[in-house]
Amino acid sequence: MRRKLVIGNWKMHGDKAAIGQLLTTLRQILPRPANATVAVCPPFVYLDWVRQRLEGSGIDLGAQNLSTEAKGAFTGEVAPEMLRDCGCRYVIVGHSERRQLFGESDALVATKVSAALRAGLTPILCVGETLKQREAGSTLSVIEAQLGAVFTQLGAAIEQTVIAYEPVWAIGTGQTATPEQAQKVHAFIRRLLAAVTTKTAEISILYGGSVKADNAATLFSQPDIDGGLVGGASLNAEEFAAICKAAE
Ligand code: PGA
């Protein structure tokens with residue numbers, strides 16, 4: 001039985017006042033998650049500050065990006081080991097915003113996934129098609145290529161990752177994939193995993209893209225959807241708590 005997982009991706013939002021308020025409310029209304037794992041991914045500069053405020057809450061910490069390098073002259077970069085040192089358990093890798101706005105290639109994403117694993121972090125590997133690709137009927141081949149690059153570098157170590165299917169057209173648009181659309185891609189991903197591991201049934205595959213309190217339960221009830229990667233709705237304590245409860 002895969003444990004449900006809900007990850008809040010705060011992106012580049014918040015300041016200490018807003019984040020402090022969000023965490024205080026979240027801790028009041030979200031009872032210690034018993035049957036699901038919950039984590040939040042703040043911007044780098046707030047990681048340690050948020051970690052201190054999460055103590056005893058049962059909520060885990062993650063980062064939104066990482067360097068491929070362990071240390072050295074890489075101005076502006078953050079090493080995987082530094083994220084571990086600041087208490088991170090997870091790191092989001094290959095989010096579509098990184099791919100589209102910062103030119104991250106499938107090969108670079110694969111190297112980042114390896115770097116995360118080496119440092120003892122659980123990478124949340126994001127894949128997903130654009131609207132143009134979906135309309136051209138190439139959704140599955142896009143996913144296959146994105147995952148293929150990681151399979152080549154990782155092989156069976158893919159077992160130690162979490163995969164997030166995030167259709168680009170659903171991110172931040174309010175246009176959520178239907179549970180059927182998402183389930184179809186999730187089942188496809190699980191079949192692809194069989195090329196590199198026998199443990200396909202143990203790997204968590206999250207859905208991301210306009211997950212809200214009112215659509216989380218139906219999405220999470222699909223057989224191959226193991227939780228969500230939540231952007232906008234994770235900035236609202238009530239909304240995020242309701243999504244976490246849907247996962248329980
Ligand atoms: P969204 O973002 O929930 O705001 O659509 C999801 C994501 O980018 O991970």
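Parameters at a glance
- Residues numbered from 1 in each chain as written.
- Predicted model: local features only at pLDDT ≥ 70, side-chain atom pairs only at ≥ 80, totals over all residues.
- Heavy atoms only, no water.
- Helix = DSSP H or I, 4+ residues; strand = E, 2+ residues; numbered from the N terminus.
- Expected span 1.5 Å × (residues − 1).
- Buried < 20%, exposed > 50% of the residue type's maximum accessible area, 1.4 Å probe, protein only.
- Contact = heavy atoms within 4.5 Å.
- Axes fitted to C-alpha atoms, helices over the stretch in contact; angles between N-to-C directions.
- Parallel < 35°, antiparallel > 145°, perpendicular 65-115°, else oblique.
- Left-handed = near helix turned anticlockwise from the far one by under 90°.
- Salt bridge = Lys/Arg side-chain N within 4 Å of Asp/Glu carboxyl O.
- Pairing = 2+ DSSP bridges.

1. Concerning helix α8 (residues 179-193)
Each full turn of the α-helix corresponds to 3.6 residues, which orients residues three or four apart in the same direction.
Piece 1. The end-to-end C-alpha distance of α8, which contains 15 residues, comes to 21 Å, matching closely the 21 Å that a straight helix rising 1.5 Å per residue would cover.
Piece 2. Of all 15 residues in α8, 11 are buried, a share of seventy percent or more.
Piece 3. Looking at the buried side of α8, the elements it contacts are β5 (122-127), α6 (131-135), α7 (139-154), β6 (162-165), β7 (205-208) and α9 (213-220).

2. Observations concerning the packing of helix α1 (residues 16-29) against helix α10 (residues 237-247)
Piece 1. Put simply, α1 and α10 touch, their axes get as near as 9 Å, and they point 40 degrees apart. Relative to α10, α1 is oriented oblique. For the pair α1 and α10, the sense of crossing is right-handed. Counted together, L22, T25, L26 and I29 of α1 and A237, E238, F240, A241 and K245 of α10 form the full contact between these two elements.

3. Quick look at the pattern of salt bridges
Piece 1. The final tally for this structure, using the stated rule, is 12 salt bridges.
Piece 2. Taking the shortest distance from any N to any O, the salt bridge between E159 and K199 comes out at 4.0 Å. On the criterion of sequence distance, the pair formed by E159 in the loop between α7 and β6 and K199 in the loop between α8 and β7 is long-range, its members being 40 residues apart.
Piece 3. Owing to a relative accessible area of 27%, E159 belongs among the partly exposed residues under this scheme.

4. Thoughts on the sheet that holds strand β1 (residues 4-9)
Piece 1. Taken in spatial order, the eight strands close into a barrel running β1-β2-β3-β4-β5-β6-β7-β8, and their pairing is parallel. Taken pair by pair, the neighbouring strands of this sheet meet at an average axis angle of 30 degrees, ignoring direction.
Piece 2. Two strands pair when backbone bridges link them, and β1 and strand β2 (residues 36-41) are joined in this way by six bridges, in the parallel orientation. Looking at β2, one finds that I7 is bridged to A39.
Piece 3. Those strands touched by α8 are β5, β6 and β7, and its axis lies near 150 degrees from that of β7.

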